[in-house]
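Secondary and tertiary structure notes
Residue strings, one per chain:
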Number of protein chains: 6
Amino acid sequence: MRPSGRAPDQMRAITIEPNFTRHAEGSVLIGFGDTKVLVTASVEERVPPFLRGKGQGWVTAEYGMLPRATHTRGSREAAKGKQSGRTQEIQRLIGRSLRAVTDMAALGERQIVLDCDVIQADGGTRTASISGAWVALRLAVNGLMQAGKIEKDPIAQKVAAISCGIFQGNPVLDLDYDEDSNADADGNFVLLENGNIAEAQATAEHATYDEEALLRLLRLARIGCTEIFAAQERAIRA
Amino acid sequence: MRPSGRAPDQMRAITIEPNFTRHAEGSVLIGFGDTKVLVTASVEERVPPFLRGKGQGWVTAEYGMLPRATHTRGSREAAKGKQSGRTQEIQRLIGRSLRAVTDMAALGERQIVLDCDVIQADGGTRTASISGAWVALRLAVNGLMQAGKIEKDPIAQKVAAISCGIFQGNPVLDLDYDEDSNADADGNFVLLENGNIAEAQATAEHATYDEEALLRLLRLARIGCTEIFAAQERAIRA
Amino acid sequence: MRPSGRAPDQMRAITIEPNFTRHAEGSVLIGFGDTKVLVTASVEERVPPFLRGKGQGWVTAEYGMLPRATHTRGSREAAKGKQSGRTQEIQRLIGRSLRAVTDMAALGERQIVLDCDVIQADGGTRTASISGAWVALRLAVNGLMQAGKIEKDPIAQKVAAISCGIFQGNPVLDLDYDEDSNADADGNFVLLENGNIAEAQATAEHATYDEEALLRLLRLARIGCTEIFAAQERAIRA
Amino acid sequence: MRPSGRAPDQMRAITIEPNFTRHAEGSVLIGFGDTKVLVTASVEERVPPFLRGKGQGWVTAEYGMLPRATHTRGSREAAKGKQSGRTQEIQRLIGRSLRAVTDMAALGERQIVLDCDVIQADGGTRTASISGAWVALRLAVNGLMQAGKIEKDPIAQKVAAISCGIFQGNPVLDLDYDEDSNADADGNFVLLENGNIAEAQATAEHATYDEEALLRLLRLARIGCTEIFAAQERAIRA
Amino acid sequence: MRPSGRAPDQMRAITIEPNFTRHAEGSVLIGFGDTKVLVTASVEERVPPFLRGKGQGWVTAEYGMLPRATHTRGSREAAKGKQSGRTQEIQRLIGRSLRAVTDMAALGERQIVLDCDVIQADGGTRTASISGAWVALRLAVNGLMQAGKIEKDPIAQKVAAISCGIFQGNPVLDLDYDEDSNADADGNFVLLENGNIAEAQATAEHATYDEEALLRLLRLARIGCTEIFAAQERAIRA
Amino acid sequence: MRPSGRAPDQMRAITIEPNFTRHAEGSVLIGFGDTKVLVTASVEERVPPFLRGKGQGWVTAEYGMLPRATHTRGSREAAKGKQSGRTQEIQRLIGRSLRAVTDMAALGERQIVLDCDVIQADGGTRTASISGAWVALRLAVNGLMQAGKIEKDPIAQKVAAISCGIFQGNPVLDLDYDEDSNADADGNFVLLENGNIAEAQATAEHATYDEEALLRLLRLARIGCTEIFAAQERAIRA
């Protein structure tokens, strides 16, 4: 029995509000239940030093959590003067996931920065960030194409991400905070619309797991991502 | 003629959405036109070292701007590893403003932290932060009183803040970004409901100003704060 | 009755010792009573990146306090690895105040850095810094003009600053440490010789104040600045 | 054909030199081919603040790379003033992996810090670190048991880690630098002697991958870890 | 021929102005020619953690250079966010030198911090700092003895320091900036009044040197320190 | 009687293992008894900004200590976010020492970075670093000459370093940790093969010393360096 009463393969409600802010070239407020992440895509007509003059673009991400997004207030990373290892790990994952579906030559020598800021946290902030970032990226690239700055669409297909885990011995989809903080194991899967995997991660927290469990988590992730792909589609058609 | 077509003494639309997030003891999304600030009030049952054992509470604030709150993306302070001078100046001002209406003995030996995070910026983020922070603080204190943790209400009255400035030679109320970035002078006034002043600041940007101008700015601020006090009242009654 | 026995509108002794150090293009040791600040003006034949190639100059300031300038030793900011919010707020104010009287086109594409280091503190270090910085800037610009590097004098007029506050219910001029640490409200005013205002700030510390009080503080500031302008004049003629 | 001429399921030579340094309670120089990592285990009779007084121990890890462990010199993290995101991600993984086989109650209220410093890098430094750290931890715990400080052995079983990846379309075991820098996808698997999984990670670098590929990587990892378990056993019997 | 016209064994004018600032328990402005250093001694009724409860005191030092103490402006260490290696090396030397003449048991469980801030630099700032710090320390300890906080004088004798070097092939005493920046070798000697050595350092800059040269530098240092001891004596009798 | 039973003028065993790592242009594992330092020389075809375009090269050094090189674990400087004053002092000394025997014009516009990382510490890490760095530098320069990148040998002669100190009243050579931590005074001497001195430093720790003692320390250093020069010669002929 899950604390929320959900079935093992049941996602929380997915909400995607496109164009949530005015200034960004793409933006979205994505919700996986009570987890709410604001993602903005900023187009910059320059690339990092290691890519200069190579005719290729770049997609990167930064992640942050507002101090009181969580049950108890966490300290502000800007005030502490550094980003935690967790923050850096997450923003590296987001960037890799979006690059997996982007053709850097087609993007041209420009960079798109995806800022993922967690307004409210209830588990799954990194997977909501990736799923929302795809929409923000899509909107920003649409703008570049409409402005005639890009000819060939650099985004091959959708990418989405979802967490799964073993909770009280059972594989479950889309962990909320109550589950996440007590899971035996938890994983994050980044999947493409064509079924391919961009990233699979599963970590033992309180108990190690076997190969069958890994496969069951992956299958749950496929269920969840199918639902997210549909929500992404609705958002970009809105 | 103001870029927005507003009259010199006309505020932008004020929106205050209380209880915007779940976890914080008080929270609000405040908007002054396109400026949107999320403010949360976190109650902590401890005080800073310099107050320990003195039977007094403390109210303090932190301020941040999401990287793409602005027209072009700014760098993330957490990634740069330090808060800018501007950020620190603003958060010090917010904290002082709220302490001006709080009875620290009545609050008891606990701290309330006001996190003001700018979701979207269009001028006046510090004054929107102060005005919203009062509502978040009020909500958090209401909770403490309902829980029986505080007997006497530590909040004496409302406090609100608004920017005013000299734009193209004319005193105007509630500068938006277009005005703010070209103002001859700009000021921020923090006023109490009883008419008293908690903070007055007016800075020459492109032209110095005279005593008469300072007084006119203050009078405009009174007009604006009256409107904010009403919006605060509606928000806490919601 | 003020702790020092001064009348409410009485300044402490102002001392300005020009050319206090050898290497700087302009330098001064300024004293407001026991507050002593060493200000140097350094001319650099380059401008910050945002001004390059625009044919304009820049004036900026840095502020520091020697660890034992104060009654009890404070920690050294260089050892702590960052400047406090207070330090940054002060150095931003000093820079703005001097820029208010400087014609950046006439200065030419060069920067003047004003370093204000407090040797001994007894209240009013930021206003002594501004008042001394004007003399150091004047001396440095005189040197540039004598060397034929500048044709038109970029400094339009004098600027000076002084603190005022409400102490035990009474408006008083030029607060010393005993007053400053117990004031109901304190303010800093940056005034031009022609009577215009470059910056007005008044902050409630232990009690908010009304409009009449703000005006009385400003009038006291005018009295103080008149005296400072005279001392500045004597210093540059020395 | 692999650059090294190895078969797809062939590990590089594994070398484990126990007691490589004098001062540490456990130490090892582990080699996976030309990758050489020095791991030390330091026993500290204290635990982190969040565990104090709970009668439990802790195992944590830090990771570093000597500046010229790599083909071209990298900058020294101590000189840059911060650890990279990659470094933090790796040291978090090492710590989690070792905690997966350690009974914290049996360890008692003490901490063991595993320092993994890469002397020479040729791919697979994180997996060599984990595999070597288990030996260093085992040696340190043996010392504690011999000294009578621990009664029940807190280490349930061996843990080892190995990288696998898709290189030129083929799944291969134990990537060296030439393979790692050109792999389509690469993964790291942390396995227990009983076959269970502590961590599975597989990341698309130049091409996403399918479920079958994920399973083939896991099977290669099982082959590699079996070999590492044998080398660990030899090392602790030496 | 020295640039200053001084004889090889001729010091610059030594000036020591005791009680230069009001708040410090001991303070001095020391000059070696155009090198001017403000030294304050701050008595703190606590010791560093490693000495707590051992009945011993501590003497330590911090060193800083005002940004425009030098010919061209250097960046402010507080703004850069760290102290340079040179600064740390110097402040460690100053602390060691003063501890060499202080009886820590007689000082009692308190710390004296010597802040050495260079107001103007013309070579020899570290040796002027040490020589001035002894006077500031002496004044602070005198105060403790007069207040009855210390019974036995913890300062055994005077300590002074001076730089010497090989300039254009000749050993010379008390290098100024012109000499220092072109010396073949330069050294710093910290001597006690009884002739003993607390620290000897001599570094090849443009040419290595032989044993005879080392001895000649030491002899010049004795000449210089004799003069400094006399100036210290005059200062504490003033 | 020395704790190790060595004679006063007896060095510990010197071991120098050249080409210890694969990637560096020069590398060495040097041992002075139980002190083990890995030194790598990295050739970079660029120079620091202050030397650009001057046709000269540069030699610099960085120093680090693995956290558990010592008896008890020290904190990792990369994790603390800064290098200690001791670390910076040592790496400055290493760089100076190697530059004393290098002809920068003959080296050409390139930089050689010497990374000295202490694997195990038992006193004398800085002198082992210098002595080993010379071998690594020699090997790297040999490579440049064999590749035809340098014509004239830029290394004039050998440089070596050794510590000496006063232990229980007696001058002794090559202090190990037991002696170093209890010495009355300790010194480090950097000597050239022709007998000249690159650096002499002797510091009073528990007792000041006289001129005769300084000379005896220098004589012991000559004995030690003669032995190191022979070991360096064997290493580069290996």
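As the structure is a computational prediction, the values presented were derived from the model and not from experiment.

Definitions and cut-offs
- Residues numbered from 1 in each chain as written.
- Chains lettered and ligands numbered in written order.
- Predicted model: local features only at pLDDT ≥ 70, side-chain atom pairs only at ≥ 80, totals over all residues.
- Heavy atoms only, no water.
- Helix = DSSP H or I, 4+ residues; strand = E, 2+ residues; numbered from the N terminus.
- Rg over C-alpha atoms; globule rule 2.2 N^0.38 Å.
- Areas by Shrake-Rupley, 256 points an atom, 1.4 Å probe, with all protein chains shown as cover.
- Lys, Arg positive; Asp, Glu negative; His and termini not counted.
- Charge placed at Lys NZ, Arg CZ, Asp CG, Glu CD.
- Contact = heavy atoms within 4.5 Å.
- Pairing = 2+ DSSP bridges.
- Axes fitted to C-alpha atoms, helices over the stretch in contact; angles between N-to-C directions.
- Buried area = accessible area lost by both parts, 1.4 Å probe.
- Salt bridge = Lys/Arg side-chain N within 4 Å of Asp/Glu carboxyl O.
- Polar contact = N/O pair within 3.5 Å; in protein donor to acceptor, adjacent residues only side chain to side chain.
- Nonpolar A, V, L, I, M, F, W, Y, C, P; charged D, E, K, R; others polar.
- Least-squares fit on C-alpha atoms with pLDDT ≥ 70 in both.
- UniProt positions renumbered as here; feature names shortened; annotations may be inferred.
- Buried < 20%, exposed > 50% of the residue type's maximum accessible area, 1.4 Å probe, protein only.

1. Thoughts on the overall build of chain A
For chain A, the count of helices and strands is six helices and nine strands. Radius of gyration (C-alpha) of chain A: 18 Å, near the 18 Å computed for a compact globule of 238 residues. Here the C-alpha coordinates of chain A stretch approximately 55 × 40 × 35 Å along the principal axes. Looking at chain A as shown, the accessible area adds up to about 8800 Å², and 46% of this sits on carbon and sulfur atoms. For chain A, the centre of its 28 positive side-chain charges and the centre of its 31 negative side-chain charges are spaced 5 Å apart.

2. Describing the arrangement of the chains
Between chain C and chain D there is no contact; the minimum C-alpha to C-alpha separation amounts to 11 Å. Chain F makes no contact with chain B, the minimum C-alpha separation between the two being 11 Å.

3. Concerning the sheet that holds strand β6 (residues 159-167) of chain A
Taken in spatial order, the eight strands line up as β7(A)-β6(A)-β8(A)-β9(A)-β9(D)-β8(D)-β6(D)-β7(D) in an open sheet, and their pairing is antiparallel. The sheet is open, and its two borders are formed by β7 (170-173) of chain A together with β7 (170-173) of chain D, each paired with just one other strand. This sheet shows a mean twist of 15° between the axes of neighbouring strands, independent of strand direction. Summarising the sheet, β6(A) and strand β8 (residues 185-192) of chain A pair through eight bridges and their orientation is antiparallel. By the bridge assignment, A:Ile166 is partnered in β8(A) with A:Ala185. Each of β9 (197-204) of chain A together with β6 (159-167), β8 (185-192) and β9 (197-204) of chain D is contacted by helix α2 (residues 85-99) of chain D, which is oriented at about 150° to β9(D), the strand it contacts most. Across the face of the sheet, helix α6 (residues 211-237) of chain D comes into contact with β9 of chain A together with β6, β7, β8 and β9 of chain D while running at roughly 140° to β6(D).

4. Some details on the interface of chain B and chain A
For interface size, the figure often reported is the accessible area lost on association. Every contact between the two is made by 37 residues of chain B and, on the other side, 37 residues of chain A. Both faces combined, the contact of chain B with chain A buries some 2800 Å², and carbon together with sulfur accounts for 50% of it. Counting the surface chain B buries against chain A, the share from its top three residues, B:His23, B:Arg68 and B:Arg76, is 27%. Taking the shortest distance from any N to any O, the salt bridge between B:Arg76 and A:Asp117 comes out at 2.9 Å. Summed over the shared surface of chain B and chain A, the number is 22 residue pairs in polar contact (both at pLDDT 80 or more). Where the side of chain B that touches chain A is concerned, the elements lending two or more residues are β3 (35-44), β4 (58-65), α1 (77-80) and β5 (111-120) of chain B. Residues belonging to the side of chain B that touches chain A are distributed by class as follows: 15 nonpolar, ten polar and twelve charged.

5. Focus on the relation of the copies chain D and chain A
Note that the two copies of the chain are related through a rotation about an axis and a translation along the same axis. Mapping chain D onto chain A calls for a rotation angle of 180° and an axial translation of 0.0 Å; the resulting RMSD is 0.0 Å. With respect to symmetry, the two chain copies, as superposed, fit the operation of a two-fold axis. When C-alpha positions in chain D are compared against the rotation axis, the closest is assigned to D:Gln201, at 2.1 Å. Counting the interface residues of chain D, we find that 100% of their copies in chain A are interface residues as well, pointing to one common contact surface.

6. A short note on the UniProt feature "domain: Exoribonuclease phosphorolytic" (unreviewed entry) in chain A
UniProt marks residues 10-140 and 159-222 of chain A with the feature "domain: Exoribonuclease phosphorolytic" (unreviewed entry), using the numbering shown here. Measuring from the first to the last C-alpha atom of residues 159-222 of chain A gives 12 Å, for a span that is 25% helix and 45% strand.

7. Some points on the interface of chain D and chain A
Contact residues are listed per partner, giving 28 residues for chain D and 28 residues for chain A. A combined buried area of about 2500 Å² lies between chain D and chain A, and 47% of that area is made up of carbon and sulfur atoms. For the pair chain D and chain A, the interface holds six salt bridges. Across the pair D:Arg222 and A:Glu211 runs a salt bridge whose closest N-O atoms are separated by 3.2 Å.

8. Structural notes on the environment of C:Arg126
All names here are of chain C. Its location among the elements puts arginine 126 in helix α4 (residues 125-146). Classification of arginine 126 as buried rests on a relative accessible area of 17%. For the pair arginine 126 and threonine 87, spaced 39 residues apart in sequence, the C-alpha separation works out to 9.6 Å. Leave out the neighbours within four places in its chain, and arginine 126 touches Arg86, Glu89, Ile90, Leu93, Asn188 and Gln201.

9. Describing the side chain of A:Glu199
All names here are of chain A. Mapped onto the elements of the fold, glutamate 199 is located in strand β9. Looking at glutamate 199, its side chain comes within polar contact range of the side chain of arginine 96, at 2.9 Å. Among the polar contacts made by the side chain of glutamate 199, one reaches the side chain of glutamine 201 at a distance of 3.4 Å.

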